[in-house]
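Here is what each chain is made of, one letter per residue.
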Amino acid sequence: MGQIEWAMWANEQALASGLILITGGIVATAGRFTQWYFGAYSIVAGVFVCLLEYPRGKRKKGSTMERWGQKYMTSVVKLFGPLTRNYYVRAVLHLLLSVPAGFLLATILGTACLAIASGIYLLAAVRGEQWTPIEPKPRERPQIGGTIKQPPSNPPPRPPAEARKKPSEEEEATAAGGSPGGPQANPIPVTDEVV
Amino acid sequence: MGNWVVNHWFSVLFLAVWLGLNVFLFVDAFLKYETADRYYYTRKILGFCSRTLRKQLDHNLTFHKLVAYMICLHTAIHIIAHLFNFDRYSRSRQATDGSLVSILSSLSHDETKGGSWLNPIQFRNMTVEYVTFTSIAGLTGVIMTIALILMVTSATEFIRRSYFEVFWYTHHLFIFYILGLGIHGIGGIVRGQTEESINEGHPHKCAEYFEMWNNHDCRCRRPEFEGQPPESWKWILAPVILYICERILRFYRSQQKVVITKVVMHPSKVLELQMNKRGFSMEVGQYIFVNCPSISPLEWHPFTLTSAPEEDFFSIHIRAAGDWTENLIRAFEQQYSPIPRIEVDGPFGTASEDVFQYEVAVLVGAGIGVTPFASILKSIWYKFQCADHNLKTKKIYFYWICRETGAFSWFNDLLTSLEKEMEELGKVGFLNYRLFLTGWDSNIVGHAALNFDKATDILTGLKQKTSFGRPMWDNEFSTIATSHPKSVVGVFLCGPQTLAKSLRKCCHRYSSLDPRKVQFYFNKENF
């Protein structure tokens, strides 16, 4: 179990807790249960937790699957810097948020789930994990003429070094253009007139 | 659309029947509490009470997930309904206006007969939270729901694929869930009027005279209630017994000795294990569960069998794809330490058998997804060796798509010997295979261009030249459709979801609307 990033599971758990808080809160407010104002709080807290947890952080190893449309929230969450990067802060925040919802039966499930998420975040923080935003990859501008290979700079005879390399079982052939060093060193540089 | 229905009619029918049963059970239970006489007084306090029954069937992964979604949905409905119930019980306990509900609520708990109470909230100052955590139903409910939520959040696709152990171990919380489900209803909180009480004074007659229930000369006496016996155990008993039997069987099988006869390390981090076990017999394309106690005593992982039934050993190809597989490969790489012990459970069957039901078969394997087809092709090789000409299959198109050149060496000898055998038997047209290398660069292509005139391919040594990039399925399918205008073609894929989508689309597009002409049927291996 060495390479588990607990923060990823804590994130799923917290997102689920947010949804449960919202649902419990709606039930309590709509049904006008006794002390239903805790339900109203629960809805607000649930929405906040969902927005905070929606952008998934980047995994340390391997590629991370982004949630649909998360880049908008990523830019907002990024703004808070160390407050959102640090998982100790998140653990404490979730624990505090979960407490008021514990006074109402309809939302107590949200409290329990958010407290569990807080515990997992604490574990993640202790292991030194951090929230890093998933940045959109900069679009590579296609370089004009980038794939045109320069004609060889040596005059013949040229050693056909590439054709002798063995393919298949080994690693892919390292890039080798026309070998400029080669066995023949030219006293004056040779250029090709063809453009 | 028509093609989709033809391909999937059985699953649709099965799902429709199952959903229909669910709906029927829900409506039946709901109507029972809504209309039956026993629950007349219960309804007075609660307004309406809906309770749902959940069945658990573990059949295969998709169905398992579907059942899980149903459970989550019904759990949500169940909890919300009981939240309303408890709130109403609480209010009627607080009510002092002498209304029907307050009289009903005041039926006390310590009657000598053992309690004919209706309202589970005994005292005015008892909160619903207190009742929840001190009653069996409430406590088990909370424990069950938390276990369910933890199971669901650790089972999302992302967590499962990236951190399998979290998913595997957390999912064992289902033990608490099932235990809780069994004892959830013991307390009998949902109450209905007893038979004798109804006979003495039917609610339709006596309800309006509730103020006079305490008078001795009134014909109507106070109604008496009893709890519903727990029913969930009836639903879960059979599946639980089946599951326990399966776990016992797995344990028994794991104790049987597995002899590893050959270990081969292939390039691109693939390990081939050839093994023997007493009493083991397989069909093409089946899979086994493998456990390695020295790596992780509790984890069982599935692997497709890559050997043919005709061989005297069975083999699997394991690709490094996570913690367990990497540790396994590392353990076998150690030259000087003893070989780790392996436990095997299986074999279990999948749809690969169906390949031989089609006249023309198109097999598409992506990367390590070629394993079920390796088994099929090997089996075909043996069948031809034994001159078994009863094969319904007349032509096979095999596509193998790999990212790296090293991957092709996994089954290179298989393809070479198949080529040779087909030539010897004069059946060169039987197997038409193409290899695709998707991770190519200009150097590899340069080599290929230089060696264009050679008879064999420079990457694999096979007569068939390797193509670069991904197959253009439209071209392939239209060629196949024109070569076999009147056949039924089975398309089999073991690979990623995106490839499945494009193949499925091609199947629909190139299947003729006339059922006598060419028809493509799509089958996907699920892992």
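So, how was this worked out
Residues numbered from 1 in each chain as written. Chains lettered and ligands numbered in written order. Predicted model: local features only at pLDDT ≥ 70, side-chain atom pairs only at ≥ 80, totals over all residues. Heavy atoms only, no water. Contact = heavy atoms within 4.5 Å. Buried area = accessible area lost by both parts, 1.4 Å probe. Salt bridge = Lys/Arg side-chain N within 4 Å of Asp/Glu carboxyl O. UniProt positions renumbered as here; feature names shortened; annotations may be inferred. Helix = DSSP H or I, 4+ residues; strand = E, 2+ residues; numbered from the N terminus. Buried < 20%, exposed > 50% of the residue type's maximum accessible area, 1.4 Å probe, protein only. Core = buried A, V, L, I, M, F, W, Y, C linked by side-chain atoms within 4.5 Å. Phe/Tyr/Trp six-rings, centres within 6.5 Å; stacked < 30°, edge-to-face > 60°. Pairing = 2+ DSSP bridges. Domains from an automatic or database assignment.

It is common to give the size of an interface as the accessible area that goes away when the parts come together. In this assembly, 39 residues from chain B lie in contact with 44 residues from chain A. Summing the contributions of chain B and of chain A, the shared interface buries around 3400 Å²; its carbon and sulfur component is 68%. Considering only the surface of chain B that becomes buried against chain A, Leu83, Phe158 and Tyr163 of chain B emerge as the three largest contributors, covering 19% of it. Summed over the shared surface of chain B and chain A, the result is zero salt bridges.

Okay, the UniProt feature "transmembrane region" (unreviewed entry) in chain A next. The positions UniProt marks with the feature "transmembrane region" (unreviewed entry) are residues 12-30, 36-55 and 103-124 of chain A. The span residues 12-30 of chain A is 100% helical and 0% strand by assignment, and the distance between its end C-alpha atoms comes to 27 Å.

The next subject is the pattern of salt bridges. Proximity of charged atoms lets side chains of opposite charge pair with each other. Summed over all chains, the structure comprises eleven salt bridges over all chains. Where Glu135 of chain A meets Lys78 of chain A, a salt bridge forms, and the shortest distance between an N and an O atom there is 3.5 Å. Placement of Glu135 of chain A in the segment after helix 6 (105-126) and of Lys78 of chain A in helix 3 (residues 71-79) is noted, with a sequence separation of 57 residues between them. By relative accessible area, which is 45% here, Glu135 of chain A ends up partly exposed. We classify Lys78 of chain A as partly exposed; its relative accessible area is 38%. With a shortest N-O distance of 2.8 Å, Arg250 of chain B and Asp345 of chain B are connected by a salt bridge. Placement of Arg250 of chain B in helix 12 (residues 232-255) and of Asp345 of chain B in strand 8 (residues 343-348) is noted, with a sequence separation of 95 residues between them. Neither Arg250 of chain B nor Asp345 of chain B differs from the other in exposure class; each is buried. Several salt bridges share partner residues, and in doing so they unite Glu12, Arg56 and Arg67 of chain A into one network.

Let us now look at the nonpolar core. If you look at the biggest cluster of nonpolar residues, it comprises 37 residues, and the most contacted ones within it are Leu363, Phe398, Trp400, Phe430 and Leu431 of chain B. Breaking this core down by element, the ones donating at least two residues are strand 9 (360-366), helix 14 (371-385), strand 10 (395-402), helix 15 (412-425), strand 11 (431-437) and strand 13 (488-494) of chain B. Take this core: its biggest share by element is six residues, from helix 14 of chain B. The next biggest cluster of nonpolar side chains, apart from the first, holds 27 residues, and it includes Ala14, Leu109 and Tyr121 of chain A together with Ile149 of chain B.

Here we come to the packing of aromatic side chains. Residues and elements named next belong to chain B. In total, this model carries 17 aromatic pairs over all chains according to the counting rule given. Taken together, a centroid distance of 5.7 Å and an interplanar angle of 75° make the contact between Tyr358 and Phe492 edge-to-face. Highlighted residues: Tyr358 in the loop between strand 8 and strand 9 and Phe492 in strand 13, separated in sequence by 134 residues. Given the relative accessible area of 2%, Phe492 is considered buried. Among the aromatic side chains, those forming a connected cluster through ring pairs are Tyr399, Phe436, Trp473, Phe477, Tyr510 and Phe520.

It is worth spelling out the pairing of strand 13 of chain B at this point. Residues and elements named next belong to chain B. Of all the seven residues making up strand 13, six are buried; the element is thus mostly covered by neighbouring parts of the structure. In this sheet, strand 13 lies alongside strand 9 in parallel orientation, the contact comprising six bridges. In the sheet register, Gly365 faces strand 13, and the bridge partner there is Cys494.

Further remarks concern the domain arrangement of chain B. Residue and element names in this part refer to chain B. Domain boundaries in chain B define domain 1 (1-48), domain 2 (281-348) and domain 3 (351-441 + 459-524). Between domain 2 and domain 3, the C-alpha centre-to-centre distance is 26 Å. Each side of the interface is counted separately: domain 2 has 15 residues, and domain 3 has 15 residues. Where domain 2 abuts domain 3, roughly 1200 Å² becomes buried across the two surfaces, and 62% of that area is made up of carbon and sulfur atoms. Looking at the side of domain 2 facing domain 3, the largest losses of area belong to Val284, Glu310 and His317, adding up to 43% of the total buried there. Where domain 2 meets domain 3, there are zero salt bridges.

Looking now at the UniProt feature "transmembrane region" (unreviewed entry) in chain B. All names here are of chain B. UniProt's entry tags residues 12-31, 66-84, 130-154 and 166-190 with the feature "transmembrane region" (unreviewed entry), counted in the numbering of this structure. Annotated as 92% helix and 0% strand, the span residues 130-154 places its first and last C-alpha atoms 30 Å apart. End C-alpha to end C-alpha, residues 166-190 measures 37 Å, and it is 64% helix and 0% strand.

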